[in-house]
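Summary of the model geometry
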Amino acid sequence: MRDVLLNREKENIDFDFCLKKNAIGFTAKLAKELRAGFVVLDKEHGACRLVKRIKNKACTLDFTDFRGRDLKEDLLHRDFTINSLAIGLEDLFINKNPQDSLIDPYGGRQDLKSKIIRAFNKKAFDEDPLRILRAFSLSAILNFKIDKETLKIIKPKVNKLSKISPERIREELFKILDRPDSFGYLVQLDRLKILKVIIPEIEIMRGVKQGPYHHLDVWQHTLETIKQLEDLIRELKRNKEVRDYLNQDISSQRRRLSLIKLGALLHDIGKPQAMFREDGKTKFHGHERIGLEITENIARRLRLSNDELESLKKMVLWHLRPGYLADSEEITSRATFRYFRDTAQEGVSTLLLSIADQRATRGPLTSKKSRLHHEKVVLGLIKEYFKRKKEPKLVRLITGDDLIKKFKLGPSPLIGKILSEIEELQAIGKIKTKKEALKVAKELINK
C-alpha cells in the first residue's frame, strides 16, 4: 500500500498478505495452483513466500498469520507507520477507489505525505533489531527523514544488530549502497555507531594518521573516498559505457555500483596493520595485501557470492596500480596489458576507485597538476578498457599440448609460464604466428 500511495513503480512486484490463521497451508495450496515457488520463512509466525515469474519478472507474495487478536493488533507489530497500511481484499475489488477503505490506525498516510520514517511501537527494534538498519535503507530508498524520536529509540539498541544474521544485514546494507547518495547515510550510520556493529573491522582505521600527502586519517579518508566516488559517478552519468558497466548485476540483483562503494569502504582497511615508521616517515607498504585478507573475511561473513568476492578482492588488491601507471614516464603496452589482465572485469571499477582515492588525498605535498595528470591517464585507461572489450578475442597461437609434443615436456608450472608470456607478447603485437610463438617457447625453455 505504501508504494501504491507513492505511485512508486517497482521492477519486481511484491505484495504482503495477512490472514487470520493457516497462512502456510493456504499459500502452499495457492503455490500449487499457480505453479509458483514456495518457501516457509518463519513457521512460528506462519510466515511464507510465494514467487511467480511473469514475463521475466519476479512477483513475490508474502503471507503471514495475524500477530494478535485482529488486524489492528497485527499492524502494531510492523516496523514503521508507513508500512502499517492495509486494505481488505473485499474492499479492493468492490470499491471504485480502494484508498477510501484504507486501514491506517497509526498515521502512516500522513507520514507518507510528510516524508517521515517513524516507529510507533517502542518494542519494534526489540522484536527485530534489523529494523534499525532498515530505517536507514528506507530513508535512502524513499528519500524520507527518520523521525527524531525514532532515532532516540534506536540509539541504545544498536548493539542488538550483532545478533542478526549476516545475510539480512547484507540485504539492507546493499540497499543503501545502491543509492546515488549513500555517503550521507553511511555517515549517519557511523555517527550512531551502527556501522561498526555490522562491519567491526573498520574500527582500527579511526585516528590512524597518514603522511603529508594526506589531510585526513585513514577512516575519514575512506569516507571521503566514497563521497568522491559518488561525485565522479555523477560526472560520468552521460557516459553510457560506464553507466551500463556500473549497472551490471554481479549477483542476486546486486549491482557493481553497490559493490564498488563497498570496495571503497575497504580499500585501505589494511593500513593500520601495515603501518610502520622509517626515516621519520609513516609508511604503509603492503597494506593492499593485508586488506585483501580482511576484505575476504568480511565478504564471506556477509555471504557475498564468489563473483562478488573476486571483484572486491581485485579492487582492494590493485587499487594502487593506476597510480603507479600514472607516475610512470611512459605507460608501455606491456604494463597496460598486465593491468587489464590482473584486474580483469574490475578494470574500470579499480580505475574509478583510483580517481576517487586521489581526490580524497589533499595533503600539503599533493598538487593540482599531479591530480589532473593522474585523472587524464586513468580516464584514458577507462576508454582503453571499453575499446578492448569490443575487439575480437585473440585466438591462442599455441596450446599446452603443442609444447608437450614439440619439446617433450612433462606437466609442470613451466608450461603455464610459457603460455602466459606468449599470450602477453601476442596481445601487445610482438608475435603473430605459431612459428614465432614456438621460437619464443624454445628460448624460454633454454634459459
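A short tour of the structure in this document, coming up.

1. Digging into the sheet that holds strand β1 (residues 14-19)
Sheet architecture is open: four strands sit in the order β1-β4-β3-β2, paired in mixed fashion. This sheet does not close on itself; its edge strands, each paired only once, are β1 and β2 (37-42). Across the sheet, the mean angle separating the axes of adjacent strands is 20° when strand polarity is ignored. Bridge count between strand β3 (residues 47-54) and strand β4 (residues 57-65): seven bridges; the pairing is antiparallel. Considered in β4, the bridge of Arg-53 is made with Ala-58.

2. Topic: unusual backbone geometry
Phi at Gln-253 takes a positive value of approximately 65°, unusual for a residue other than glycine. With respect to the helices, strands and loops of the structure, Gln-253 is situated in the loop between β7 (249-251) and β8 (254-255). A positive phi is found at Ala-344, a non-glycine position, where the angle reads about 50°. Summarising the element assignment, Ala-344 is placed in the loop between α19 (333-343) and α20 (347-359). A relative accessible area of 28% places Ala-344 in the partly exposed class.

3. Quick look at the pattern of salt bridges
The final tally for this structure, using the stated rule, is 45 salt bridges. Its salt-bridge partner being Asp-79, residue Arg-134 comes within 3.2 Å of it at the nearest N-O pair. Of this pair, Arg-134 sits in helix α7 (residues 130-142) while Asp-79 sits in the loop between α3 (71-75) and α4 (89-94), placing them 55 residues apart in sequence. Accessibility expressed as a relative area gives 7% for Asp-79, which makes it buried. Of the charged contacts in the structure, one is a salt bridge between Arg-256 and Glu-346, with a shortest N-O distance of 3.0 Å. Here Arg-256, found in helix α14 (residues 256-266), pairs with Glu-346, found in the loop between α19 and α20; they are 90 residues apart in sequence, far enough to count as distant.

4. With respect to the layout of surface pockets
Empty space within the second largest pocket amounts to approximately 1,200 Å³. Along its surface, the second largest pocket is lined by 34 residues, and Tyr-213, His-214, Lys-271, Leu-320 and Thr-361 are the ones closest to its centre. Only β10 (281-283), α16 (287-301), α18 (321-327), α20 and α21 (368-390) provide two or more residues apiece to the lining of the second largest pocket. Of the residues that constitute the lining of the second largest pocket, the class distribution is seven nonpolar, 17 polar and ten charged.

5. A closer look at the nonpolar core
If you look at the biggest cluster of nonpolar residues, it comprises 87 residues, and the most contacted ones within it are Phe-136, Leu-161, Ile-194, Leu-262 and Leu-352. Non-local contacts of Ile-194, meaning those with residues more than four positions away in its chain, are made with Ile-132, Leu-133, Phe-136, Ile-154, Val-158, Leu-161 and Leu-189. Counting 16 residues, the second-largest nonpolar core is a separate cluster that includes Ile-415, Leu-419, Ile-422 and Val-440.

6. Here we look at the pairing of β4
By the criterion of burial, β4 is predominantly enclosed, with eight of the nine residues buried. As paired elements, β1 and β4 share six bridges and run parallel to each other. Looking at β4, one finds that Phe-17 is bridged to Phe-63. Counted along the chain from β3 to the antiparallel partner β4, the turn is two residues long, and its residue Lys-55 has a positive phi close to 50°.

Rules used in this analysis
- Residues numbered from 1 in each chain as written.
- Predicted model: local features only at pLDDT ≥ 70, side-chain atom pairs only at ≥ 80, totals over all residues.
- Heavy atoms only, no water.
- Pairing = 2+ DSSP bridges.
- Helix = DSSP H or I, 4+ residues; strand = E, 2+ residues; numbered from the N terminus.
- Axes fitted to C-alpha atoms, helices over the stretch in contact; angles between N-to-C directions.
- Buried < 20%, exposed > 50% of the residue type's maximum accessible area, 1.4 Å probe, protein only.
- Salt bridge = Lys/Arg side-chain N within 4 Å of Asp/Glu carboxyl O.
- 1 Å grid on protein atoms, 1.4 Å probe; cavity = no way out; pocket = protein on both sides within 12 Å on 5 of 7 lines; lining within 4 Å.
- Points joined across faces, edges and corners; volume = space filled by probe spheres on them.
- Nonpolar A, V, L, I, M, F, W, Y, C, P; charged D, E, K, R; others polar.
- Core = buried A, V, L, I, M, F, W, Y, C linked by side-chain atoms within 4.5 Å.
- Contact = heavy atoms within 4.5 Å.

Purely geometric numbers; function is a separate question.
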